[in-house]
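# Structure at a glance
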Amino acid sequence: MPEEPQWLNDRETEAWLALASLMFTLPGALDAQLSRDSDLTLFDYSVLSSLSMTPGRAQRLSDLAGHIGSSLSRLSNVVKRLERRGLLRREPDPESPRYTRAVLTDDGWDTVVAAAPGHVAAVRRYVIDGLTEGQVTALREVACHVTERINEASAEVPRRR
């Protein structure tokens, strides 16, 4: 017989519902700002931004997917679209040609540099401004803790073939 679930108490329920609301509303607000100001989605921006901060502005697709928390198939579709726009290109990894890497083009660099001020202003407006230093620290710690738990659980699940 399965174990009885450990139900959330009132305080835990309030915390969970607040987090769930945040998870559903924040991406849409950031997506809307980026779409309106830069013709990018939040996912597009995350890909371009990540590449802009790597040495040589290039990264293996598998590493990039892990860095931005995406499946490789979802990332591949976005990379194809960004490549058609001339914002990045795919090429074999020179260290191991069996891997493919994404390389940020000059147009991609210009696009992410132009989008960054509006994006950071939205992040400040929606998330950072109005928080105390302690709240910012707590937010970081909670976000890192939850992400770590998800990553640990994902590593425990056997992959289907």
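See above for the structure.
Residues numbered from 1 in each chain as written. Predicted model: local features only at pLDDT ≥ 70, side-chain atom pairs only at ≥ 80, totals over all residues. Heavy atoms only, no water.

## Considering the packing of aromatic side chains
Applicable threshold: Stacked, tilted and edge-to-face are the three classes assigned to paired rings of Phe, Tyr and Trp, where Trp is represented by its six-membered ring and a pair needs centres within 6.5 Å; plane angles under 30 degrees give stacked, over 60 edge-to-face, the rest tilted. Here, over-ring charges are defined by two tests on the NZ atom of lysine or the CZ atom of arginine: distance to the ring centre within 6 Å, and angle to the ring normal within 35 degrees.
Throughout the structure, instances matching the rule amount to zero aromatic pairs. Taking the ring centre of Trp-109 as reference, the NZ or CZ of Arg-57 above it sits at 3.7 Å. Note that Arg-60 overlies the ring of Tyr-99, its terminal NZ or CZ placed 3.9 Å from the centroid.

## What to know about the nonpolar core
Across soluble globular proteins, nonpolar side chains show a tendency to be buried alongside one another. For clarity, the cut-off: Throughout this description, the term nonpolar core refers to a set of buried Ala, Val, Leu, Ile, Met, Phe, Trp, Tyr and Cys residues connected via side-chain atoms within 4.5 Å. For the exposure calls, accessible area comes from a 1.4 Å probe over protein chains only, and a residue counts as buried if that area is under 20% of its type's maximum, exposed if over 50%, partly exposed in between. Helix and strand assignments follow DSSP, with helices taken as H or I runs no shorter than four residues and strands as E runs no shorter than two, numbered in order from the N terminus. We call two residues contacting when some pair of their heavy atoms lies within 4.5 Å.
One finds Val-47, Leu-48, Leu-51, Leu-75, Leu-82 and Leu-88 to be the most contacted residues of the largest nonpolar core, which totals 23 residues. Mapped by element, the contributors of at least two residues to this core are helix 1 (10–38), helix 2 (42–52), helix 3 (61–68), helix 4 (72–84), strand 3 (96–104) and helix 5 (106–128). By residue number, the principal contributor to this core is helix 2, which donates six residues. Contact partners of Val-47, with chain neighbours within four places excluded, come to Leu-64, Ile-68, Leu-75, Val-78, Leu-82 and Leu-88.

## Topic: the pattern of salt bridges
Oppositely charged side chains are able to pair whenever their charged atoms sit close together. Rules: Salt bridge, as used here: a side-chain nitrogen of Lys or Arg that lies within 4 Å of a carboxyl oxygen of Asp or Glu.
Tallied over the entire structure, the rule returns eight salt bridges. Salt-bridge contacts for Arg-85 lead to Asp-39; the nearest nitrogen and oxygen are separated by 3.7 Å. Of the two residues, Arg-85 is situated in the loop between helix 4 and strand 2 (88–93) and Asp-39 in the loop between helix 1 and helix 2; the sequence distance between them amounts to 46 residues. The class for Arg-85 is partly exposed, based on a relative accessible area of 35%. With a shortest N-O distance of 2.7 Å, Arg-90 and Glu-83 are connected by a salt bridge. Overall, Arg-90 belongs to the partly exposed group, its relative accessible area being 36%. Taking the relative accessible area as the measure of exposure, Glu-83 reaches 26% and is therefore partly exposed.

## Brief notes about the environment of Asp-106
Turning to its location among the elements, Asp-106 is positioned in helix 5. Residue Asp-106 is classed as exposed on the basis of its relative accessible area, which comes to 59%. In sequence terms Asp-106 and Arg-125 are 19 residues apart; their C-alpha atoms lie 29 Å from each other.

## So, unusual backbone geometry
Even without glycine at this site, Asp-39 takes up a positive phi of about 55°. The phi dihedral of Arg-57 is positive, around 50°, even though this residue is not glycine. Among the secondary structure elements, Arg-57 is positioned in the loop between helix 2 and strand 1 (58–60).

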